[in-house]
Amino acid sequence: MPELSVVAVASWLGIALLAAVGILLARAVYRLYLHPLAKFPGPKLAALSTWYEGYYEIVLEGRFPWQLKALHDQYGEYTRVSKHRRSFPAQFPYSPTNPRPR
């Protein structure tokens with residue numbers, strides 16, 4: 001069985017890394033410019049992944065409904081809030097005075 005040299009392993013790892021970066025860039029271009037929801041306004045970071053919503057839900061402890069309100073104020077009635085979702089203003093029944101729906 002032939003042994004792999006360090007140079008051969010490093011070049012294969014380099015090729016794999018380059019391929020992974022290429023796939024991520026292609027996916028980002030698709031989601032930002034070619035996806036059917038690309039015509040809807042919204043934050044570009046939210047269009048790339050679902051981590052945008054996760055940040056507001058986990059790190060900021062459930063503040064995403066208030067962020068939705070701010071996004072609608074900034075971007076208008078129809079706002080893209082995730083890579084595969086858009087939001088309409090009637091979807092958030094939350095307000096600072098009544099934070100939980102009944």
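Residues numbered from 1 in each chain as written. Predicted model: local features only at pLDDT ≥ 70, side-chain atom pairs only at ≥ 80, totals over all residues. Heavy atoms only, no water.

Draft legend 1. Inspection of the side chain of Gln-67 at higher detail. Position of Gln-67 among the secondary structure elements: in helix H4 (residues 64-75). Separated by 3.5 Å, the side chains of Gln-67 and Tyr-56 make a polar contact. Not counting residues up to four positions away in its chain, the partners in contact with Gln-67 are Tyr-52 and Tyr-56. (Helix = DSSP H or I, 4+ residues; strand = E, 2+ residues; numbered from the N terminus. Polar contact = N/O pair within 3.5 Å; in protein donor to acceptor, adjacent residues only side chain to side chain. Contact = heavy atoms within 4.5 Å.)

Draft legend 2. Up close: the packing of aromatic side chains. Scanning the entire structure with this criterion turns up 4 aromatic pairs. Seen from their ring centres, Tyr-55 and Tyr-56 are 5.4 Å apart, and the 85° between their planes marks the pair as edge-to-face. The class for Tyr-55 is partly exposed, based on a relative accessible area of 41%. Grouped by ring-pair contacts, the aromatic residues Tyr-52, Tyr-55, Tyr-56 and Phe-64 constitute a single cluster. (Phe/Tyr/Trp six-rings, centres within 6.5 Å; stacked < 30°, edge-to-face > 60°. Buried < 20%, exposed > 50% of the residue type's maximum accessible area, 1.4 Å probe, protein only.)

Remember, this is a structural readout, not a statement about activity or role.
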